[in-house]
Amino acid sequence: MSEVRVRIAPSPSGNLHVGTARTALFNYLFAKKNNGKFVLRIEDTDAERTSQAYIDNIFDSLKALGLNWDEGPDVGGEYGPYTQSERFDIYPKYAQMLLDNGFAYECFCTPEELEHEKEIATANKQAYVYSKKCEHLTPEEKAKLIAEGRKPAIRFNISKAQKAFHPTSELSFNDLVKGELKQNTDLFGDFVIMKSNGTPTYNFAVVVDDMLMKISHIIRGEDHISNTFKQILIYEALGAEVPKFGHLGMILAPDRSKLSKRHGATAVSEFVEKGYLTEALINFVALLGWSPSDGEEIKTVDEIAKDFRIGDVSSSNSIFEYDKLNWMNSHYIKMLDIETLKEKLKPFLTKYDLSELTDAQYTRMVEVTREPLVILSDITDAVPYFFGETVEIEPEVQRDVLDTEVSQEVLKEFARQAKDWEFEEENLHEKLEVFRGEFKEKGIKPKQTMWAIRAAVTGRTRGADMTATLAILGKDKVLKRVEKAIK
RNA sequence: GCUCCCAUCGUCUAGAGGCCUAGGACACAUCCCUUUCACGGAUGCGGCAGGGGUUCAAAUCCCCUUGGGAGUACCA
């Protein structure tokens, strides 16, 4: 196999799923590591479920994750088109080739007839395999059926291909991640490759496309293992070179079922909307099944590419746990430079009037509130007290803090002193230190002193650094809020 | 039902017969730091699914059981 060419072939029947993103990542890594090409192909043969919005979402998500493709619908390439619906005229030709060399035949069975066969099989507790009853139809019989208005589907003659290319009914291949995989192909029925409406089925379209696009390595989820045996036989029947396959374990939800909507976000775009950074998401997903040789888990995609070996990827399923993703996301947020963070936070601050703050104030606000952010959207509930003249006091805060005698005393004294202070951070820092000292002598803990002020100014008992908060709000707002808290 | 895949702390994993008294990360707990929350630092808790083999030696190899996952469409 001369050039390494891998592909990701999502079906646009939904937004880009994190599982697909991981598969895309491993393909991308494999291409990078082996100096190969990464191609994107859109598998939209099922017009019913396809939509342009999903296609756009797939493009955008992949780009946001930094998984740029060398060939694809938008960038083109030598082996296009890269959208299956634009390739519909290609498939019949290859189906005809299989019809001609006897590895496929026309099937006129109706859905009802097929359903009946299945029922009999299940009644006898047998695995269903197509009866092959159309395999040897004579030209006259076919003509009669066609005259009745029936349109044939084309089935692949699996046992014939198996016999032609393999000594026994067992087919095996060496999987890049799982090692030798085998299967008795007698268990597969002759499956349809061209539907009666003239469009190809998945198993046929992929093979034709991968063959024509000269895909050398197919890395995909293990849900495709059984398809692989069928596909290998098609390659052989077509006289094509069979690519190498590698099957990845699946990503499961914490309850070990398939990751679905009810577990929360599943699409990359949904994670982004929730405030996850794509850098964190892709890093996290890389660690599902792969681990760095140096033990350093925080890595960019390019760094991972250098260290990546497909044979090292775990062959078992892995569970998508938010704990580690969250940790990783908070880590990436910490690494963001302030200007970038300010921009990324804006979508989560739309309920506030940012024009109340100068750029310097906004910068400072972000600096002092960024520390505990796990996801970007956490900012929303972290900053309400930086906006508006007054502030909403939480009931418990009113009762447990503001209503106490100590707090009232602190606030009265604060109001008296602070009106002469310059509200600049360094100065406030010194002033507050002295202020705390005064109360400490009266037996009031520094913590209590600060709590009173914090409660009056922010309505909460926890939040950003107090000195910075006071400076950002300015003397007017602070004193107004303090006065209001005094009984 | 049938077929296939998988099996190390709660989770992601390191581990390719002796380096394993099983290592790391996340989570959790405790302590330290501290004007709150947090961050950070330190320590701790916690696992080879079970049973048989093979071998001087098994988390590592084989078999069975169990558990989990996937496939079984004129969906992809």
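Residues numbered from 1 in each chain as written. Chains lettered and ligands numbered in written order. Predicted model: local features only at pLDDT ≥ 70, side-chain atom pairs only at ≥ 80, totals over all residues. Heavy atoms only, no water.

**A short note on the overall build of chain A**
Of regular secondary structure, chain A possesses 20 helices and eleven strands. At 32 Å, chain A has a C-alpha radius of gyration far larger than the 23 Å of a compact globule built from 487 residues. For chain A, the spread of C-alpha atoms along the three principal axes comes to 105 × 45 × 40 Å. Within chain A, the proportion of its 487 residues that are buried is 50%. In chain A, the share of contacts with a sequence separation of at least 24, taken over all contacts with a separation of at least 6, comes to 76%. For chain A, the accessible surface area stands at approximately 23,400 Å², while carbon and sulfur atoms represent 50% of it. Chain A carries 64 positive and 79 negative side-chain charges, and their two centres are separated by 2 Å. (Helix = DSSP H or I, 4+ residues; strand = E, 2+ residues; numbered from the N terminus. Rg over C-alpha atoms; globule rule 2.2 N^0.38 Å. Buried < 20%, exposed > 50% of the residue type's maximum accessible area, 1.4 Å probe, protein only. Contact = heavy atoms within 4.5 Å. Areas by Shrake-Rupley, 256 points an atom, 1.4 Å probe, with all protein chains shown as cover. Lys, Arg positive; Asp, Glu negative; His and termini not counted. Charge placed at Lys NZ, Arg CZ, Asp CG, Glu CD.)

**Side note on helix 20 (residues 466-485)**
When the terminal C-alpha atoms of helix 20 are compared, their 17 Å separation across 20 residues is substantially less than the 28 Å that a helix rising 1.5 Å per residue should span. G474 marks where helix 20 bends most, by close to 110 degrees. Here helix 20 starts with a cap whose side-chain oxygen sits 3.3 Å from the backbone nitrogen of T467, and that cap is D465. (Expected span 1.5 Å × (residues − 1). Bend = angle between axes of the 7 residues up to and from the residue. Polar contact = N/O pair within 3.5 Å; in protein donor to acceptor, adjacent residues only side chain to side chain.)

**Considerations on the layout of surface pockets**
Taken as a whole, the largest pocket encloses approximately 1,300 Å³ of empty space. Around the largest pocket, the lining comprises 43 residues; the ones closest to its centre are S11, H17, T20, D223 and H224. When contributions to the lining of the largest pocket are tallied by element, the ones reaching two or more residues are strand 1 (5-8), helix 1 (18-33), helix 7 (202-212), strand 8 (217-221) and strand 10 (251-252). With five residues, helix 1 is the largest single contributor of residues to the lining of the largest pocket. Of the voids in this model, the second largest pocket is the one considered here, and its volume is about 300 Å³. Contributing to the lining of the second largest pocket are 18 residues, with L114, A153, R155, V192 and K195 lying nearest its centre. Tallied by class, residues from the lining of the second largest pocket come to nine nonpolar, four polar and five charged. (1 Å grid on protein atoms, 1.4 Å probe; cavity = no way out; pocket = protein on both sides within 12 Å on 5 of 7 lines; lining within 4 Å. Points joined across faces, edges and corners; volume = space filled by probe spheres on them. Nonpolar A, V, L, I, M, F, W, Y, C, P; charged D, E, K, R; others polar.)

**Quick word on the pattern of salt bridges**
Tallied over the entire structure, the rule returns 31 salt bridges. Of the charged contacts, one joins R150 and E113 as a salt bridge, the two residues approaching to 3.5 Å between their closest N and O atoms. Taken together, the residues R150 in the loop between helix 5 (139-147) and strand 4 (153-156) and E113 in helix 4 (residues 111-123) connect sequence positions 37 residues apart. Under the relative-accessibility criterion, R150 is labelled partly exposed at 26%. On the basis of relative accessibility, which here comes to 25%, the residue E113 falls in the partly exposed class. One salt bridge connects R416 with E413, and the closest N-O pair in it is separated by 2.7 Å. One end of the pair is R416 and the other is E413, both in helix 17 (residues 405-418) and three residues apart, which spans about a single turn. In this structure, a network of salt bridges that share partners links the residues R7, R41, E43, R87, D209 and D210. (Salt bridge = Lys/Arg side-chain N within 4 Å of Asp/Glu carboxyl O.)

**Some thoughts on the sheet that holds strand 4**
The pairing of strands in a sheet happens through backbone hydrogen bonds and is either parallel or antiparallel. The three strands lie next to each other as 3-4-7, forming an open sheet whose pairing is antiparallel. Strands at the two margins of the open sheet, each flanked by one partner only, are strand 3 (104-107) and strand 7 (192-194). Averaged over all pairs of adjacent strands, the angle between strand axes in this sheet comes to 45 degrees, irrespective of strand direction. Bridge count for strand 4 against strand 7 is two bridges, and the pairing is antiparallel. Looking at the pairing, R155 lines up with V192 of strand 7. (Pairing = 2+ DSSP bridges. Axes fitted to C-alpha atoms, helices over the stretch in contact; angles between N-to-C directions.)

**As for the packing of aromatic side chains**
Tallied over the full model, the rule gives 20 aromatic pairs. Judged by centre distance (5.0 Å) and plane angle (50 degrees), the ring pair of F435 and F439 falls under tilted. Highlighted residues: F435 and F439, both in helix 18 (residues 425-441), separated by four residues, approximately one helical turn. Residue classification places F435 among the buried positions, given a relative accessible area of 0%. Relative accessible area serves as the criterion here: at 1%, F439 is assigned to the buried category. Among the aromatic residues, ring-to-ring pairing joins F271, Y276, F284, F320 and Y322 into one connected group. Note that R155 overlies the ring of Y130, its terminal NZ or CZ placed 3.7 Å from the centroid. (Phe/Tyr/Trp six-rings, centres within 6.5 Å; stacked < 30°, edge-to-face > 60°. Lys NZ or Arg CZ within 6 Å of the ring centre and 35° of its normal.)

**Topic: unusual backbone geometry**
Comment: phi is negative for the bulk of residues other than glycine, and the bulk of peptide bonds are trans. Cis rather than trans, the peptide bond between G80 and P81 has omega equal to -5 degrees. Positionally, P81 belongs in the loop between helix 2 (52-64) and helix 3 (91-100). Of note in the backbone geometry, N35 takes a positive phi value of approximately 55 degrees without being a glycine. Along the chain, N35 turns up in the loop between helix 1 and strand 2 (37-40). Located in the positive-phi region is K214, a residue other than glycine, with phi close to 55 degrees. Tracing the chain through its elements places K214 in the loop between helix 7 and strand 8. By relative accessible area, which is 49% here, K214 ends up partly exposed.

**Remarks on the protein's contact with RNA strand B**
In the neighbourhood of RNA strand B, 59 residues make up the surrounding shell, with Q183, K195, L287, G289 and E297 lying closest. Per the 4 Å cut-off to the protein, sugar and phosphate atoms form 73% of the nearby atoms of RNA strand B. Between RNA strand B and Q183 there is a distance of 2.5 Å, counted from a sugar or linking oxygen to a side-chain nitrogen or oxygen. Here a sugar or linking oxygen of RNA strand B sits 3.2 Å away from a polar atom, N or O, in the side chain of K324. Put simply, the parts of the chain that give the surface near RNA strand B at least two residues each are strand 4, strand 6 (179-184), helix 8 (225-237), strand 11 (318-319), helix 12 (322-335), helix 18, helix 19 (446-458) and helix 20. Along the lines of polarity and charge, the residues of the surface near RNA strand B split into 19 nonpolar, 18 polar and 22 charged. (Near = heavy atom within 4 Å.)

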